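These are the residues of each chain, in order.
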Amino acid sequence: MNLKLTRKLKEVIASRLMLLITALSSMLIFVMILGLFLKARLILATQSLPELLLSTSWHPLRGEFGFYPFILGTIWVTVLAMFFSIPSCLLTSIYLTEYASAKIRAFIKPLIDLLAGIPSVVYGLWGILVVVPLVKDHIAPLFGYPTSGYCLLTGGFVLAIMVFPVLISVSEEVFRAVPHEVREISLALGATRWQTVKHAQMVPRIKGIIAAIVLGFSRAFGETMAVMMVVGNVAQVPSSVFQPAYPLPALIANNYGEMMSIPLYDAALLLAALLLLLIVLVFSVGARIVLLRIERRVV
Amino acid sequence: MDRRQLEEAFFKGLMIASTVIIVGILFAILAVVLLKGAPLLSLSMLTQTPKGGYYLGKGGGILNAIIGSLYLAFGATFLSFIIAFPIALYLQEYARNRFASFVRLSLDILWGVPSIVYGAFGFTIMLYLGLRACLLGGIIVLTLLMLPIMTRAMDEVMRMVPHELRETSYAVGSTRLEALLRVVSRQALPGILTAVLLAFGRGIGDAASILFTAGYTDHIPHSLFDPAASLPLAVFFLLGTPLPEVQERAYAAAVILLVIILSTSVISRLLTTKWTKFVIK
Amino acid sequence: MEKFKPHISVEKLNVFYGKHHVLKDITVKIPEKQITVIIGPSGCGKTTLLKSFNRLIDLVEGISVSGDVRVDGMDIYNGKIDVTNIRKKIGMLAQKPYPLPMSIYDNVAYGPRIHGILKRKELDRIVERYLKVAGLWDEVKDRLKSPASRLSAGQQQRLCLARTLAVEPEIILGDEPTSALDPVSAKRIEQEFIELKKDYTIVIVTHILRQAKRLADHVIFLYMGEVIEAGPAREIFEDPKEARTRAYIGGEIS
């Protein structure tokens, strides 16, 4: 009887404790949003959000905090990275799911996992040693642009490489979710493999593929160190891919914790952090909703 | 060859090319970093702290960063395991479906939150509490960063455990807690370890989250309230200096970091293959 | 040996899956414009044999094939041959009806589009024609654009038949095509097959003996990867030569 009671007690206490920990942890995201908002509120009280987002003038000492160049820098780096990574990752994941033999897959998959584990400063280091000189001495001269190599193109390329593993694994999941029967039916009708991929697997699933890509990118969107190490960090609106830019995460990383004596400076930086957080939140929740809906419809 | 065959050959060629390029880039990264850094791994590099002044000094090694990183990563892995494991258990058995999917969604979102945001948020809290950059701050922020990764990875492997196993355990009269601890956890043990290693790897390599919170120093921290250096920040800061001798330490730090990451990945692979032998399929 | 014009002839076909010898020295001929039924207990290699006729077994990882399969006298395992042409010639109906994730119309038009027919009018004509042949036209003509997944299982299988016929094959393979259907729908599919044998060579795999008796003109009895007996349906069912065939037909082995 006594033993039974202890066991029961343990069960009750443990489940309450677990509930507490779980509930607290799932609140973390809201706590972060709230905490950042409370700080960022100070600057929102002096200027309206559209003003802050669209102004190009960044002069903290004069109390001017225009985020436009940084937002543009972030968008540019991300778009460039998408441009480099989406086609190659889609092709690779199609190759791995539809064409490659088990042996090749068993060789390549661990390598891609490994790529996922490399720390971002190592990517940055590699970017400085390899990509920066490559852009400076070989690629930019082709187009007739003088550049230091620390520019948007380099940042976009390094970010693209960092996105590879995530993007490959999410799009692989989409292709793997295609039932084997679909493949068989299409091939049995005399389609080539590529026709099967294109017409039976990609076109009907285009929404899922887009959602997977967005999801992959929401993870890379706020990537800081590697991009910051190669993108130049000049607060200007870039006019070509060979110019330096200054993405939001780099702005925060370079300045937060320093120059705290300038009024509102930290509030502005935390507003930048809040923006990053919210953008990631919107994209990842949106993508997930689309993916969930697709799953439900198929089942 | 008709058009269809040409198209097939063309796209197959493209696919193979992009796969080769991606794998090639991986090897290029490994090769460049290892070739550049490995020759610099001398005994003094591994066993000495930097000599002569604030990280511009010429002599010495990066022991401060190695020790700092190990403190940070082990501390955070330990803390996040303590939190993540109960959550993963709770999600298996206790949470009703709606609540569970809400928790999973919120963890998935956390997983995507940029690490710089963790860093900024963490440091804001520390300022509020009157703390300056220190080992403890770094450990706590890294814990937050690792938490969603570890929890979701554990959750996924535990979900794979067949429901029949749990039922068998109930059938002999165990409570839910006992079933979870004795059957589900044991069955999922290799996966749980892999999840821990995965989070450890992420944690030890992350720089942006500890940039403000752990700080950087030439010394080995003696208490939780001392600032702590770390390998990723060593790469970042030392590379930014104009002195080639100091930059060399950045390369060395990158190699050590890479070796640690590669070995965790290899270990987790070995663990999985070795341990799954004892798991009922 | 009876005399007929073989549409598919198989000689010394051996299939290995890893070290497992799935099909052993198969030599059979499939008569033109008749229904050939492959019978045998489950796991005896019926489906593998069927899929070797249109090289769908290529999709199975770790499989190796040796021997000869000739369709219209052409060796389909010859490396120089375009496998898509073989598959266009040989339609296939799977065990479960499986509509592609698109509309009814697009399901039927899928094959013709793949093979380069893109004109709307022509596609309309093909879709109508083959939905009629499959006996589905009247039920779906007002909702051709709705997702195929909304059809009942029986309707889906007829849609799959229409989709198969739309690429104008000469041979139709059916892998237990009625096993996932209710008895009424199964009956309809069987009737379709009997209608279709005027124009097509049909090969069906089944483990339902009564269905085999209803449909078969020609029977192949497969047991543990070997052809035990093959010949006209009446001979096999009424006067089997082999003891194992007798045992199977008598219901002693299954």
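Fair warning: this is a prediction, and the values are worked out from it, not measured in the lab.

1. Some details on the interface of chain C and chain A
So, point 1. Facing the 21 residues of chain C at the interface are 22 residues of chain A.
So, point 2. Our count for the contact surface shared by chain C and chain A stands at two salt bridges.
So, point 3. The salt bridge involving C:K51 is made with A:E184; its shortest N-O contact spans 2.9 Å.
So, point 4. Where chain C touches chain A, the interface holds five residue pairs in polar contact (both at pLDDT 80 or more).
So, point 5. Looking at the side of chain C that touches chain A, the elements that each hand over two or more residues are α2 (83-89), β6 (90-93), α3 (104-114) and α6 (153-165) of chain C.
So, point 6. Looking at the side of chain C that touches chain A residue by residue, the class counts come to eleven nonpolar, five polar and five charged.

2. Quick look at helix α5 (residues 115-129) of chain B
An α-helix turns once every 3.6 residues. As a result, residues three or four positions apart point the same way.
All names here are of chain B.
So, point 1. For α5, which comprises 15 residues, the first-to-last C-alpha distance of 21 Å matches the rise-based estimate of 21 Å (1.5 Å per residue) to within 8%.
So, point 2. Counting buried positions along α5 gives eleven out of 15 residues, so the element sits mostly inside the fold.
So, point 3. G130, located one to two residues past α5, shows a positive phi value of around 80°.

3. A look at the packing of helix α4 (residues 120-133) of chain C against α6(C)
Residues and elements named next belong to chain C.
So, point 1. The N-to-C vectors of α4 and α6 enclose an angle of 130°; their axes lie 8 Å apart at closest approach. Considering the angle they form, α4 stands oblique to α6. Two packed elements cross with a definite hand, and for α4 against α6 that hand is right-handed. Of α6, the residues touching α4 (which contributes Y130, L131 and V133) are L159, A162 and L165.

4. So, the side chain of A:S186
So, point 1. Along the chain, A:S186 falls in helix α7 (residues 180-188).
So, point 2. Using a relative accessible area of 0% as the deciding quantity, one classes A:S186 as buried.
So, point 3. A polar side-chain atom of A:S186 sits 2.9 Å from a polar atom in the side chain of A:T196.
So, point 4. Residues contacting A:S186, with those up to four places away along its chain left out, are A:A191, A:T196, A:A200 and C:Y110.

5. Quick word on the sheet that holds strand β7 (residues 171-175) of chain C
All names here are of chain C.
So, point 1. Spatially, β6-β7-β8-β3-β9-β10 is the arrangement adopted by the six strands of the open sheet, whose pairing is mixed. If you trace the sheet from one side to the other, it starts and ends with β6 and β10 (226-232), each paired once. Each adjacent strand pair in this sheet contributes to an overall mean axis angle of 15°, direction not counted.
So, point 2. For strand β9 (residues 218-223) and β10, the ladder comprises six bridges, and the chain directions are antiparallel. The residue of β10 that forms the bridge with V219 is G231.
So, point 3. Packing against the sheet, helix α1 (residues 46-53) makes contact with β3 (35-39), β6, β7, β8 (201-205) and β9, and its axis sits at approximately 155° to β7.
So, point 4. The strands touched by α6 are β6 and β7; relative to β6, the strand with the most contacts, the crossing angle is about 170°.

6. Focus: the pattern of salt bridges
So, point 1. Summed over the entire model, instances satisfying the criterion amount to 29 salt bridges over all chains.
So, point 2. With a shortest N-O distance of 3.3 Å, B:R269 and A:D113 are connected by a salt bridge. Of this pair, B:R269 sits in helix α12 (residues 244-275) while A:D113 sits in helix α4 (residues 102-117), on two different chains.
So, point 3. The class for B:R269 is partly exposed, based on a relative accessible area of 40%.
So, point 4. The network of salt bridges with common partners includes A:R288, B:R104, B:D108, B:R152, B:D155, B:E156 and B:R159.

7. Focus on the domain arrangement of chain A
All names here are of chain A.
So, point 1. Parsing chain A into structural domains produces domain 1 (2-46) and domain 2 (53-298).
So, point 2. With centres defined by C-alpha atoms, the gap from domain 1 to domain 2 works out at 32 Å.
So, point 3. Every contact between the two is made by eleven residues of domain 1 and, on the other side, twelve residues of domain 2.
So, point 4. Applying the counting rule to domain 1 against domain 2 returns one salt bridge.
So, point 5. Here K39 makes a salt bridge to D266, at a shortest N to O gap of 3.8 Å.
So, point 6. Counting across the domain 1 and domain 2 interface gives zero residue pairs in polar contact (both at pLDDT 80 or more).
So, point 7. Grouping the amino acids of the side of domain 1 that touches domain 2 by side-chain chemistry returns nine nonpolar, one polar and one charged.

Thresholds applied
Residues numbered from 1 in each chain as written. Chains lettered and ligands numbered in written order. Predicted model: local features only at pLDDT ≥ 70, side-chain atom pairs only at ≥ 80, totals over all residues. Heavy atoms only, no water. Contact = heavy atoms within 4.5 Å. Salt bridge = Lys/Arg side-chain N within 4 Å of Asp/Glu carboxyl O. Polar contact = N/O pair within 3.5 Å; in protein donor to acceptor, adjacent residues only side chain to side chain. Helix = DSSP H or I, 4+ residues; strand = E, 2+ residues; numbered from the N terminus. Nonpolar A, V, L, I, M, F, W, Y, C, P; charged D, E, K, R; others polar. Expected span 1.5 Å × (residues − 1). Buried < 20%, exposed > 50% of the residue type's maximum accessible area, 1.4 Å probe, protein only. Axes fitted to C-alpha atoms, helices over the stretch in contact; angles between N-to-C directions. Parallel < 35°, antiparallel > 145°, perpendicular 65-115°, else oblique. Left-handed = near helix turned anticlockwise from the far one by under 90°. Pairing = 2+ DSSP bridges. Domains from an automatic or database assignment.

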